[in-house]
Amino acid sequence: MAEHNSIWEALGFRKASGVGEAGWGRTLIVAIVSFIYFLPVLFIIFTAFKPQDAALSVPPTLSPTSLFGLIPGQFVFTPTLENFGSVFMRSMTAGGAPEPTGFDRYFFNSIVIASSSVLLALVIGTLAAFGFSRYPLKGNDTYLFIILTTRMLPAIVVIIPVILMFRVVGLSGSYTGIILLYTAFNLAFTIWMMKSFFDELSLDVEDAARIDGSSDTRVFFKIALPQVIAGLAATFVFGLILTWNEFLFALLLSGPDTRTVPVAMNQAVSSGGRGTDWTLLAAIETLFLIPVFLVTFFLQNHLLRGVTFGTVKR
């Protein structure tokens, strides 16, 4: 048995006693699997830098560099930034003059609507989660289940009554309407996720603070909330991703001034009557990935506990 273990250890698969001691064997396998999962995204990014005639070329162009001659020339393309310029300024008809596409406004709308709705849901949902965790009502689980059912129904099921309500109250096409709608749909996820973090906290410190005269408000902001920063960050990231990619509600409830990027991508499917411009579409998708990537990168230290709903102790 010892000899068997030594062989695996020699290959880099030693028994891990910590996050940083997995061994190069496990690290290599994880790197290979991660690269395979990342390949579709990498393909989109490379397509964004291709000339239009190289997007669907046969044999396919796979790399902007030959990697010192390792990749044959027929698989190498010359990168260009023209597609990114076309995102914001291009000809809408064959032979027409370039004109603004409005994508700067669409990106602004996506950032404002997604961040506002997620932050609003995080504020309301965190307070509600603390209440469900510390002051359970009779039938607490039933209330939580009812809240969860708002996320069980597909969006297509509720879209018609939502459209009718928006028209009656005059919220169609407004920032307020779409932000409130996204906030309502993010609340269930926020409450359930934050409650799991509050449930794992020790009550001894909070009880001691109350004995010393601290109010419930002070206990929440000074004791409980600082301990669930990881949960707040993870909930924000997941909520942002869900809202950032939402299409159906944005398509039917936003107006020309509040249109988001997923809806505006429809305009890029056909470029000037010349068919689908895949390089332009890839450029939009690449730019669309950047904000979520940056947020995820800066909050990555908190995401592990968020993915596991707080079960991994630091």
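Residues numbered from 1 in each chain as written. Predicted model: local features only at pLDDT ≥ 70, side-chain atom pairs only at ≥ 80, totals over all residues. Heavy atoms only, no water.

Section: helix α10 (residues 229-244)
Line of reasoning, step 1. With 16 residues, α10 extends 22 Å between its outermost C-alpha atoms, agreeing within 8% with the 22 Å of an ideal straight helix rising 1.5 Å per residue.
Line of reasoning, step 2. With respect to burial, α10 is a largely interior element, twelve of its 16 residues being buried.
Line of reasoning, step 3. Listing the buried residues of α10 in full gives Ala 230, Gly 231, Leu 232, Ala 233, Ala 234, Thr 235, Phe 236, Val 237, Gly 239, Leu 240, Thr 243 and Trp 244. (Helix = DSSP H or I, 4+ residues; strand = E, 2+ residues; numbered from the N terminus. Expected span 1.5 Å × (residues − 1). Buried < 20%, exposed > 50% of the residue type's maximum accessible area, 1.4 Å probe, protein only.)

Looking at the packing of helix α4 (residues 103-134) against helix α9 (residues 216-227)
Line of reasoning, step 1. Between α4 and α9, whose axes approach to 12 Å, the crossing angle comes to 90°. The orientation of α4 relative to α9 falls into the category roughly perpendicular. Counted together, Thr 126, Leu 127 and Phe 130 of α4 and Phe 220, Ala 224 and Leu 225 of α9 form the full contact between these two elements.
Line of reasoning, step 2. Counted by class, the contact of α4 with α9 contains five nonpolar, one polar and no charged residues. (Axes fitted to C-alpha atoms, helices over the stretch in contact; angles between N-to-C directions. Parallel < 35°, antiparallel > 145°, perpendicular 65-115°, else oblique. Contact = heavy atoms within 4.5 Å. Nonpolar A, V, L, I, M, F, W, Y, C, P; charged D, E, K, R; others polar.)

Overview of the layout of surface pockets
Line of reasoning, step 1. Of the voids in this model, the largest pocket is the one considered here, and its volume is about 400 Å³.
Line of reasoning, step 2. The wall of the largest pocket is formed by Phe 38, Val 41, Ile 45, Ile 241, Trp 244, Asn 245, Phe 288, Leu 289, Ile 290, Val 292, Phe 293 and Thr 296.
Line of reasoning, step 3. No other element matches helix α14 (residues 278-298), which puts six residues into the lining of the largest pocket.
Line of reasoning, step 4. When we break the lining of the largest pocket down by domain, the ones giving at least three residues each are domain 1 (2-100) and domain 2 (103-304). (1 Å grid on protein atoms, 1.4 Å probe; cavity = no way out; pocket = protein on both sides within 12 Å on 5 of 7 lines; lining within 4 Å. Points joined across faces, edges and corners; volume = space filled by probe spheres on them. Domains from an automatic or database assignment.)

Focus: the packing of α4 against helix α7 (residues 175-199)
Line of reasoning, step 1. Direction vectors running N to C along α4 and α7 enclose 40°, while the axes themselves pass 5 Å from each other. One finds that α4 runs oblique with respect to α7. Helix-helix and strand crossings are classified by hand; for α4 and α7 the assignment is right-handed. (Left-handed = near helix turned anticlockwise from the far one by under 90°.)

Looking at the environment of Tyr 182
Line of reasoning, step 1. Following the sequence through the fold, Tyr 182 ends up in helix α7.
Line of reasoning, step 2. On the basis of relative accessible area, Tyr 182 is assigned to the buried category, the value being 6%.
Line of reasoning, step 3. Once the C-alpha coordinates of Tyr 182 and Leu 120 are considered, the two residues, 62 residues apart in sequence, prove to be 9.5 Å apart.
Line of reasoning, step 4. The contact partners of Tyr 182, leaving out residues within four places of it in the chain, are Ile 113, Ser 117, Thr 243, Glu 246, Phe 249 and Ala 250.

A look at the confidence of the model for the protein chain
Line of reasoning, step 1. Residue-level pLDDT values for the protein chain average 82, and 84% of them are 70 or greater.
Line of reasoning, step 2. Element-level mean pLDDT values for the protein chain span from 54 in helix α1 (residues 2-10) up to 93 in α4. (pLDDT = per-residue confidence, 0-100.)

Looking at the packing of aromatic side chains
Describing an aromatic ring pair means giving the distance of the ring centres and the angle of the ring planes.
Line of reasoning, step 1. In total, this model carries 15 aromatic pairs according to the counting rule given.
Line of reasoning, step 2. Taking the centre distance of 6.3 Å and the plane angle of 50° together, the rings of Phe 103 and Phe 107 count as tilted. You can see Phe 103 and its partner Phe 107 sitting in helix α4, four residues apart, about one turn around the helix.
Line of reasoning, step 3. Exposure remark for Phe 103: the relative accessible area of 0% places this residue in the buried category. (Phe/Tyr/Trp six-rings, centres within 6.5 Å; stacked < 30°, edge-to-face > 60°.)

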